[in-house]
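Next come the chains, spelled out residue by residue.
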Amino acid sequence: MNLDRLRNEPGALADFYQESLEHLGAVCVRSWFDRLQLIAEGPAAHLWHPDGTLFETELCFAAPDSSTPRDAARDVFPGCPLTFRLAEALVSSGLVLERAVVAENARHGPPSIEVAEKLWRAQWPGDRPWRMHTAFVRSHHFSLLALVRCEIQAIEQHWSLHRIAASLPGGETDESLATSLEFAEWASPPPTDVAWPARDPERLRRIVMEGMAEEIGRPLASIRTRQEAYLRRELERIDAYFDGYSRELAERAERTRSADSRLKVDERLAAARAEHARRQEDQIHRHEIRVLPRLDALILIAEPAWDGSVCQGGRGASAPEPVQFVPRMRKWFRKALT
């Protein structure tokens, strides 16, 4: 999910500042739609005082077209240093694998056998007999959520913020979780009996990178198309120049009978070929595309699910297969295949 950029509007910026400063421990009161009063100490006060002493002020969020004099310590405007310091304070604490548990709804029980079979056949069509071997048991389905900033360095630079969600352990993309995260209800306090999966940094890194590659695939393709057109134009220009220069030197060599002059022309031709290759290599490097992702948050999410086992085919045709049903996704997971 590619998150939209924050609008350059006083109300939207004030909402962002209030949520961010309260996250850092400040006490905020919205006195007007473009005013925010706050009392800060510690991490929140570091934005104004390096020692983090108690600080009180009122922030003013000016309209983009405002021409009034601005104070960088209390006025918020495009490019103001206060916004940069706030962003650094939010992401400078280092990457920590956090955990969150989605609250269970006691009124929602397991699906009926008819519904379970219908969803199974919709996901894996077939006409083999199907039956539940064991009853559903409450469990948890785990997903990995990552917040990734991405910078693409090309002829034009591009910045984007992405929320990537993937089901564990296979790493299948879960777009519905990424888009509906704001509506999730979290268990507070979280239960202590959740059997969290073992940490595997290499596998988590692979899942995030694969999700990021899928996320930026389409915009990166359009950037690559434009970049190739720019590179082709520059290479054609260089080729035309050096082809003309080499042709002119060759014509001079044909008109002269001096061995010394011919030797100088040959040296110039060799130097032109070397310079031609150097210019081509330089343009190729100039038109390289660099993708620089930065991982800002990593959360392991547990949500209610139902474990069981199913049999397919006639009785005794196959051993029971352990499976998991996730109500939010209305989807089955084959645990034996993950």
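This text goes with the structure placed above it.
Residues numbered from 1 in each chain as written. Predicted model: local features only at pLDDT ≥ 70, side-chain atom pairs only at ≥ 80, totals over all residues. Heavy atoms only, no water.

A. Quick look at the overall build of the protein chain. When helices and strands are counted, the protein chain shows seven helices and 12 strands. Computed over the C-alpha atoms, the radius of gyration of the protein chain is 31 Å, more than 25% above the 20 Å expected from 2.2 N^0.38 for a compact globule of 338 residues. Residues counted as buried form 35% of the 338 residues belonging to the protein chain. Sequence separation of 24 or more characterises 63% of the internal contacts of the protein chain that already satisfy a separation of 6 or more. Split by element, the accessible area of the protein chain, about 20800 Å² in all, is 54% carbon and sulfur. For the protein chain, the separation between the mean place of its 45 positive charges and that of its 51 negative charges on side chains is 5 Å. (Helix = DSSP H or I, 4+ residues; strand = E, 2+ residues; numbered from the N terminus. Rg over C-alpha atoms; globule rule 2.2 N^0.38 Å. Buried < 20%, exposed > 50% of the residue type's maximum accessible area, 1.4 Å probe, protein only. Contact = heavy atoms within 4.5 Å. Areas by Shrake-Rupley, 256 points an atom, 1.4 Å probe, with all protein chains shown as cover. Lys, Arg positive; Asp, Glu negative; His and termini not counted. Charge placed at Lys NZ, Arg CZ, Asp CG, Glu CD.)

B. Just the pattern of salt bridges, in detail. For the structure on display, the rule yields 23 salt bridges. Residue D75 pairs with R74 through a salt bridge whose shortest N-O separation is 3.7 Å. Where R286 meets D282, a salt bridge forms, and the shortest distance between an N and an O atom there is 2.7 Å. Placement of the pair is R286 and D282 together in helix α7 (residues 259-286), with a separation of four residues, close to one helical turn. On the basis of relative accessibility, which here comes to 56%, the residue R286 falls in the exposed class. (Salt bridge = Lys/Arg side-chain N within 4 Å of Asp/Glu carboxyl O.)

C. View of the packing of helix α1 (residues 10-23) against helix α2 (residues 81-91). The contact between α1 and α2 brings their axes to 11 Å, and the two run at 45°. Between α1 and α2, the angle is such that the two are oblique. Crossing angle aside, the handedness with which α1 passes α2 is left-handed. Across from F16, Y17, S20, L21 and H23 in α1, the residues of α2 making contact are L82, T83, L86 and L90. Residue composition of the contact of α1 with α2, by class: six nonpolar, three polar and no charged. (Axes fitted to C-alpha atoms, helices over the stretch in contact; angles between N-to-C directions. Parallel < 35°, antiparallel > 145°, perpendicular 65-115°, else oblique. Left-handed = near helix turned anticlockwise from the far one by under 90°. Nonpolar A, V, L, I, M, F, W, Y, C, P; charged D, E, K, R; others polar.)

D. Local environment of α1. Taking 1.5 Å per residue, 14 residues should reach 20 Å; α1 reaches 20 Å between its end C-alpha atoms and fits that length. Of the positions making up α1, those classed as buried are P10, A12, L13, A14, Y17, Q18, S20 and L21. Among the structural elements, β2 (27-32), β3 (35-40), β4 (55-61), β5 (75-76) and α2 are those in contact with the buried residues of α1. One or two residues past the end of α1 sits G25, with phi positive at roughly 110°. (Expected span 1.5 Å × (residues − 1).)

E. Examining the nonpolar core more closely. Of all hydrophobic cores here, the largest spans 23 residues; its most connected members are L144 and W196. Secondary-structure elements contributing two or more residues to this core are β7 (130-153), β8 (158-167), α5 (201-215), α6 (217-255) and β10 (290-312). Here this core takes six residues from β7, the largest share from any one element. Setting aside anything within four residues of it in sequence, one finds W196 in contact with R99, A100, V101, F142, L300, I301 and A302. One finds L21, L38, A45 and F55 within the second-largest nonpolar core, a separate group that totals 22 residues. (Core = buried A, V, L, I, M, F, W, Y, C linked by side-chain atoms within 4.5 Å.)

F. The arrangement of the sheet that holds β4 in detail. The mixed open sheet is built from four strands, whose spatial order is β2-β3-β4-β5. The sheet is open, and its two borders are formed by β2 and β5, each paired with just one other strand. Note that β2 and β3 share four bridges and pair antiparallel. Within β3, the residue paired with W32 across the bridge is R35. Where α1 meets the sheet, its contacts fall on β2, β3, β4 and β5, and the angle it forms with β2 comes to roughly 160°. (Pairing = 2+ DSSP bridges.)

G. Here's a closer look at the packing of aromatic side chains. Applying the stated criterion across every chain yields a total of 14 aromatic pairs. A centroid spacing of 5.3 Å and a plane angle of 75° characterise the contact between W120 and W332, whose relative ring orientation is edge-to-face. With W120 in helix α3 (residues 113-123) and W332 in strand β12 (residues 331-334), this pair connects stretches of sequence that are 212 residues apart. The ring of W124 has R334 sitting right over it, with the charged end atom 4.3 Å from the ring centre. (Phe/Tyr/Trp six-rings, centres within 6.5 Å; stacked < 30°, edge-to-face > 60°. Lys NZ or Arg CZ within 6 Å of the ring centre and 35° of its normal.)

H. Summary view of the pairing of β3. Because side chains alternate across β3, one face comprises the buried residues L36, L38 and A40, and the other comprises R35, Q37 and I39, none of which is buried. Once β2 ends, the chain turns through two residues before running back antiparallel as β3. Pairing of β3 with β4 involves six bridges; the strand directions are antiparallel. Within the sheet, the bridge partner assigned to L36 lies in β4 and is L59.

Without other data, these values stay purely geometric and don't point to any function.
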